[in-house]
Amino acid sequence: MKKLIAIAAATAAGVFAFRKWQETAAEKSIWKASTDKVE
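The rules behind each value
- Residues numbered from 1 in each chain as written.
- Predicted model: local features only at pLDDT ≥ 70, side-chain atom pairs only at ≥ 80, totals over all residues.
- Heavy atoms only, no water.
- Helix = DSSP H or I, 4+ residues; strand = E, 2+ residues; numbered from the N terminus.
- Buried < 20%, exposed > 50% of the residue type's maximum accessible area, 1.4 Å probe, protein only.
- Areas by Shrake-Rupley, 256 points an atom, 1.4 Å probe, with all protein chains shown as cover.
- Patch = residues over 30% accessible without salt bridge, like charges linked within 9 Å, V, L, I, M, F, W, Y side chains within 5 Å.
- Salt bridge = Lys/Arg side-chain N within 4 Å of Asp/Glu carboxyl O.

Points about the overall build of the protein chain
- Regarding its fold elements, the protein chain presents one helix and zero strands.
- The buried share among the 39 residues of the protein chain stands at 0%.
- Of the accessible surface of the protein chain, which amounts to about 3900 Å², a share of 69% is contributed by carbon and sulfur atoms.

Focus on a nonpolar patch on the surface
- A cluster of nonpolar residues, Met 1, Leu 4 and Ile 5, forms a patch on the protein surface that exposes about 390 Å² of accessible area.
- Along the polypeptide, Ile 5 turns up in helix H1 (residues 2–38).
- Classification of Ile 5 by relative accessible area gives exposed; the value is 54%.

Put into structure tokens, the structure is as follows:
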């Protein structure tokens, strides 16, 4: 049972980290697009 909880916790942490990384990547592309237009 402890293994199952550990796997669930690790999966949740992985999903959270992945979403955070996607948000950062999206923000970078938006920032790049907005700064490219200024030049």
